[in-house]
Amino acid sequence: MSNPQQRRGADKYPFEAMIPRGETVASFESYKQAQSAVDTLAQADFPVKQISIVGDGLKSVERVTGRLSYGRTAGAGALSGAWLGLFFGLLLIIINPAANITFVGAAVLIGAAFGMMFSVVSYALNRRRRDFTSVMQVIATSYAVTVAPELANRARNLLDASPQQQQQQQ
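Residues numbered from 1 in each chain as written. Predicted model: local features only at pLDDT ≥ 70, side-chain atom pairs only at ≥ 80, totals over all residues. Heavy atoms only, no water.

1. Some details on helix H5 (residues 152–161)
As a reminder, the rule being used: Burial status follows relative accessibility: with a 1.4 Å probe on protein chains alone, a residue under 20% of its type maximum counts as buried, one over 50% as exposed, and anything between as partly exposed. We count a stretch as a helix when DSSP gives it H or I for four or more residues in a row; a strand needs E for two or more, and each element gets its number in order from the N terminus. What the arc covers is the set of directions going from the helix axis to the C-beta atoms.
What H5 keeps buried is the set Ala152, Ala155 and Leu159. The buried residues of H5 all sit within an arc of 65° when viewed along its axis, so they share a single face. In H5, the exposed positions that point more than 90 degrees away from the buried face belong to Asn153, Asn157, Asp160 and Ala161.

Below, the structure is given as structure tokens:
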């Protein structure tokens, strides 16, 4: 007999800890190609809840986008702070309609000043450890389209008959 306490967490996040099971019906080098295969199956009224795209050979890639300097840090901090100041200034006008539009301008300037100050101080403390900006992403080396075992032959037939898939494989 199962314990209801144990099942409660599994029902709350049904996709989180579950690795898709089934048969691989096609493999692709790019996610876009795998998406196209799923679109082909969906257009043929295939039960899409039975399809998964599984990325294999995951790699972490960090692309360096530029050199970091005091000027770039100050500018980015000022812009970020200005957005926050704009938000609080508009919030003030919503809460107190008697407030003037100059409050918004003041909030933007104060936010920009604090944002600039905090980002420059943070950069100064970490200066020699990280002098560049970058973007981090996780990518897969291949993508497999998997379906439930009882539907695998139908999926393969639909993908083999698709002219779009034949063009991508050539």
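Read on, since the account is not over.
2. Digging into the packing of helix H3 (residues 70–95) against helix H4 (residues 102–125)
Test applied: Note on geometry: axes are C-alpha line fits, over the in-contact stretch for helices, and angles between N-to-C directions span 0 to 180 degrees. Throughout, a crossing is termed right-handed when the near helix is turned clockwise from the far one, and left-handed when it is turned anticlockwise from it by less than a right angle. Charged residues are taken to be Asp, Glu, Lys and Arg, nonpolar residues to be Ala, Val, Leu, Ile, Met, Phe, Trp, Tyr, Cys and Pro, and polar residues to be all remaining types, Gly included.
At a closest axis distance of 6 Å, the pairing of H3 and H4 adopts a crossing angle of 145°. Our pair here, H3 against H4, has a crossing hand that is right-handed. By residue class, the composition of the contact of H3 with H4 is 17 nonpolar, eight polar and no charged.

3. Describing the environment of Phe87
By the secondary structure assignment, Phe87 is in helix H3. Using a relative accessible area of 48% as the deciding quantity, one classes Phe87 as partly exposed. Between the C-alpha atoms of Phe87 and Val108, which are 21 residues apart in sequence, the distance is 8.4 Å.

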